[in-house]
Amino acid sequence: MKNFSKEILALLVIVFLSVNATCQEKASSATDSSSKVEKKDKKKKKKKKYKLPKIDLSHWSVTTPELNKKGGAMNVEPPEILNYATDDRLIPYMYNDSVNGALVFYSFPSNATTANTKYTRCELREQMVPGDNDKNWTFADGAYMKGKLAMEDISKDSDGKYHKAIIMQIHGRLTDEQRDLIGQKDNNAPPILKIYWQNGKVRVKTKKLKNISATDEELLDKHAWDDDDGFTFKQEVGFSKFILEVKISEGKMVVILNKNEYAVYEDVNMRRWGIFENYFKAGNYFQSRDEGSYAKVKYYELEVKH
């Protein structure tokens, strides 16, 4: 009887030890699994905290709504623009939204206006040669710009309607020879393309000749050109992300919204515009002088090809 009791006791001890070892193994496995999940969650959280925009600023300068020492609009060129995240001149107007991975351009009415306009901007200006505005491109050269962007926030006027902002441009430029030929004091020429965010939609404006028979010298004068009636894409973008593409070739300009709506310009105006040099602009050229008005435009991606 005693031997039988000892056998039962030994069996119970073996069972207890076996169950205990299994429980420890499961607990260890659960702890390891939990630890792995926590590490993955931490990695995900870290990735979400530090998203950066896909924008190479090495070929862009920027103009802001702040006055420089000479009393004009502040302009920062490469390589200084690459330090925008720590540059006190730029931090208030051009900064990262690291949660969404965007570059924010903030503008409002100030005294920091540029030549030939009453409006202020926080806007990039293409520089094919960093730090040099004299090297530009023609329609015959061809050009392409693509941006993924969104209107983050914009004020309303006294009637409750949103203000508007120019979010992309192609600006014309006279060569030094053309400038001297017509006796103009600077190299400024009209913008052949302005793309607006207006009432939640994308609107395109371009130029047309007042007289299609004008001589080459006559059409160098900005007064030879007039605004067209404009074109508004059907799709409403509101405050959501959208993609804009601009394709330039000799005598032709195409603007594409979200890869499914097209505005095509291929006529005598585009052909004759070929006499000008051009450069791309992108950002927030705010179109209001109302007190307290403002706009914030976010760019997630921006690329240019030639």
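Calculation criteria
Along each chain, residue indices are assigned from 1 in the same order as the chain's sequence is written. pLDDT decides what is reported in this predicted model: residues at 70 or higher carry local features, side-chain atom pairs at 80 or more are listed and counted, and totals for whole chains, interfaces and linings draw on all residues regardless. Water and hydrogen atoms were dropped before computing side-chain values, which therefore reflect all heavy atoms in the structure. To qualify as a helix, a DSSP run of H or I must reach at least 4 residues; to qualify as a strand, a run of E must reach at least 2; elements of each kind are numbered from the N terminus. Note on exposure labels: buried denotes an accessible area under 20% of the residue type's maximum, exposed denotes more than 50%, and partly exposed covers the range between, all computed with a 1.4 Å probe on protein chains only. By convention, a stacked pair of Phe, Tyr or Trp rings (six-membered ring in the case of Trp) has centres within 6.5 Å and planes under 30 degrees apart, an edge-to-face pair has planes over 60 apart, and any other such pair is tilted. Think of a salt bridge as a Lys or Arg side-chain nitrogen and an Asp or Glu carboxyl oxygen that are within 4 Å of each other.

(A) Looking closely at unusual backbone geometry. A cis amide bond, omega 5°, links Pro-78 with the succeeding residue Pro-79. Take Pro-79: it is sitting in the loop between β3 (73-76) and β4 (94-97). Although it is not a glycine, Asn-199 sits at a positive phi angle of roughly 55°. Tracing the backbone through its elements, the reader meets Asn-199 in the loop between β9 (188-198) and β10 (201-209). With relative accessibility at 44%, the residue Asn-199 sits in the partly exposed group. Even without glycine at this site, Asn-258 takes up a positive phi of about 50°. Considering the arrangement of structural elements, one finds Asn-258 in the loop between β14 (252-257) and β15 (261-265). For Asn-258, a relative accessible area of 21% gives the class partly exposed.

(B) The packing of aromatic side chains, seen in detail. Taken as a whole, this structure holds 12 aromatic pairs when the rule is applied. With centroids separated by 4.3 Å and ring planes inclined at 40°, the aromatic side chains of Trp-273 and Phe-276 adopt a geometry described as tilted. Like Trp-273, the residue Phe-276 is buried in the burial classification. Each residue in the set Tyr-93, Tyr-106 and Phe-108 is aromatic and connected to the rest through ring pairs, giving one cluster.

(C) Representation of the pattern of salt bridges within the structure. Going through the model one piece at a time under the given rule, you end up with 13 salt bridges. Between Glu-123 and Arg-121 there is a salt bridge, with its nearest N and O atoms 2.7 Å apart. One exposure class covers both Glu-123 and Arg-121, and it is buried. For the salt bridge of Glu-152 with Lys-298, the shortest nitrogen-to-oxygen distance reads 3.7 Å. Residue Glu-152 is found in strand β7 (residues 143-154), and its partner Lys-298 is found in strand β17 (residues 295-305); the two are separated by 146 residues along the sequence. We classify Lys-298 as buried; its relative accessible area is 9%. If you follow the salt bridges from partner to partner, you end up with Asp-97, Glu-152 and Lys-298 in one network.

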